[in-house]
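# Chain and residue survey
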Amino acid sequence: MTVKIIVTHKPGVLDPQGQTVLKNLHQLGHKEVHDVRIGKYIEIDIDVATREEAEKKALEISDKMLANPVIESFRVEP
Amino acid sequence: MVFAVVTFPGSNCDRDCIWALESVLGYTVRKVFHRNGSLESTDAVVLPGGFSYGDYLRAGALARFSPIMEEVTAFAKDGGIVLGICNGFQILCEAGLLPGALVRNRSLKFVCREVRLHIENRSTVFTSGYKNEQEILLPIAHSDGQYIADDETLDLLEHEKRVVFRYRGPVRPDAPDGNPNGSARAIAGLMNEQGNVLGMMPHPERACESRFGRIDGMGVFASIAEAVANRKMIPA
């Protein structure tokens, strides 16, 4: 079963990559873009019986390894 | 005095540490491989710099789950002295042995140069050997050295005098600003609550030989050796 996980910077944590992309978008003339935040998309395949178990497992390993809760938030995509 | 230097896949300052500790400073070094090494009869542990696991996921995120880290954690909990340099600092933060996190330099650039450091606390097992020096110059070389933590944590670190090294003004008047990576409160090195685990981005092992220009880093290792010697004089 495939579970999709999104990891993002917590609000308030500076995202230098996003800021640099934002600056370049402005240089290209896309002045209407006022923020860019870059995160990670992770797909994991889990051998469990139910969707619920898979998501529970995904959250557990996100908290332990895939994300650093000090600086990042994570969620499982439905 | 036995230092253990841990090698993770992708460590690249392990040899620098071994060279400085063994050949230059004359300590005994145990070369410990992350997968099957042991910290038996070790006085202090050094987690060296480099790019363990290619910095995949986040710097230090995967090394933190290496088999040796269970031993390092137990060693630290038991009061053992642990020094994390650069990637070693990142690993200690990821492992939760130090608070906060190290993220991409604010400039987004790899920064490789000498920095001026103020020794904020000289009553630690890592700095007691610096008798007169207020400031030292050490090299840095990293992409992910921006230290961040929430304000509450930063206040606590300051209050408990756990900020050990802080970036200070430029090395020369014409050199770039003192804080090379945008670290919160210009923190370059900090220790845990018990004072036996230190993480620092600058490389003391690269400043131990006068023929390379500086010996400012020697004091860190000499302080550790002195602390270990003092501990051994006290019967258990």
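Below: a short report on this structure. (Residues numbered from 1 in each chain as written. Chains lettered and ligands numbered in written order. Predicted model: local features only at pLDDT ≥ 70, side-chain atom pairs only at ≥ 80, totals over all residues.)

## Focus on the overall build of chain A
- Scanning chain A for helices and strands turns up two helices and three strands.
- Start at the N end of chain A and walk to the C end: the helices and strands fall as β-α-β-α-β.
- Here the C-alpha atoms of chain A give a radius of gyration of 16 Å, more than 25% beyond the 12 Å that 2.2 N^0.38 yields for 78 residues.
- In terms of overall dimensions, chain A has a C-alpha envelope of 50 × 25 × 15 Å along the principal axes.
- Considering chain A as a whole, with its 78 residues, one finds that 13% of them fall into the buried category. (Helix = DSSP H or I, 4+ residues; strand = E, 2+ residues; numbered from the N terminus. Rg over C-alpha atoms; globule rule 2.2 N^0.38 Å. Buried ≥ 20, exposed ≤ 12 C-beta atoms within 10 Å, placed from the backbone.)

## So, the nonpolar core
- V5, V45, V46, L83, L92 and I224 of chain B are the most contacted members of the largest nonpolar core, which has 76 residues in total.
- Apart from the residues within four sequence positions on either side, L92 of chain B is in contact with L47, G84, L97, L98, V197 and G199 of chain B.
- Ranked by size, the runner-up nonpolar core spans six residues in total, among them V3, I5, A67 and F74 of chain A. (Core = buried A, V, L, I, M, F, W, Y, C linked by C-beta atoms within 7 Å. Contact = placed C-beta atoms within 7 Å.)

## Here's the deal with the sheet that holds strand 10 (residues 187-191) of chain B
Residues and elements named next belong to chain B.
- Spatial strand order, 2-1-3-4-11-10-9-6-7: nine strands in an open sheet with mixed pairing. In this open sheet, the two edge strands, each paired with only one partner strand, are strand 2 (28-33) and strand 7 (135-142). Going from strand to strand, the sheet's axes swing by 25° on average, the running direction of each strand aside.
- As paired strands, strand 3 (residues 44-47) and strand 4 (residues 81-85) are joined by four bridges and run parallel to one another. (Pairing = 2+ DSSP bridges. Axes fitted to C-alpha atoms, helices over the stretch in contact; angles between N-to-C directions.)

## A few points about the sheet that holds strand 1 (residues 2-9) of chain A
Residue and element names in this part refer to chain A.
- Read across the sheet, three strands follow the order 2-1-3 without closing on themselves; strand pairing throughout is antiparallel. The outermost strands of the open sheet, each flanked by one partner alone, are strand 2 (40-45) and strand 3 (72-77). Taken over all neighbouring pairs, the strand axes of this sheet differ in orientation by 25° on average, direction set aside.
- Judged from the six bridges that link them, strand 1 and strand 3 form a sheet pairing that is antiparallel.

## Considering the pairing of strand 1 of chain A
- Of the pairings in the sheet, the one linking strand 1 of chain A to strand 2 of chain A comprises six bridges and is antiparallel in character. Looking at strand 2 of chain A, one finds that I6 of chain A is bridged to Y41 of chain A.

## With respect to the interface of chain B and chain A
- If you look at the interface, chain B gives twelve residues, while chain A gives nine residues.
- In the side of chain B that touches chain A, the residues fall into seven nonpolar, one polar and four charged. (Nonpolar A, V, L, I, M, F, W, Y, C, P; charged D, E, K, R; others polar.)

## Here we look at unusual backbone geometry
Residue and element names in this part refer to chain B.
- Positive phi, close to 50°, is recorded for Y53, a residue that is not glycine.
- Structurally, Y53 can be placed in the loop between strand 3 and helix 2 (67-77).
- On the basis of neighbour count, Y53 is assigned to the buried category, with 21 C-beta atoms found within 10 Å.
- Unusually for a residue other than glycine, K161 sits at a positive phi of about 55°.

## Considerations on helix 5 (residues 218-233) of chain B
All names here are of chain B.
- Over its 16 residues, helix 5 runs 23 Å from end to end, which matches the ideal 22 Å to within 8%, given 1.5 Å per residue.
- Buried within helix 5 we find M218, G219, V220, F221, S223, I224, A225 and A227.
- Elements in contact with the buried residues of helix 5: helix 1 (14-24), strand 3 and strand 4. (Expected span 1.5 Å × (residues − 1).)

## Thoughts on the environment of I71 of chain A
- Following the sequence through the fold, I71 of chain A ends up in the loop between helix 2 (51-66) and strand 3.
- Considering only alpha carbons, one finds I71 of chain A and L14 of chain A, 57 residues apart in sequence, at a separation of 9.4 Å.
- With residues up to four places along the chain from it excluded, the contact list for I71 of chain A reads H9, K10 and V13 of chain A together with A101, V103 and I148 of chain B.

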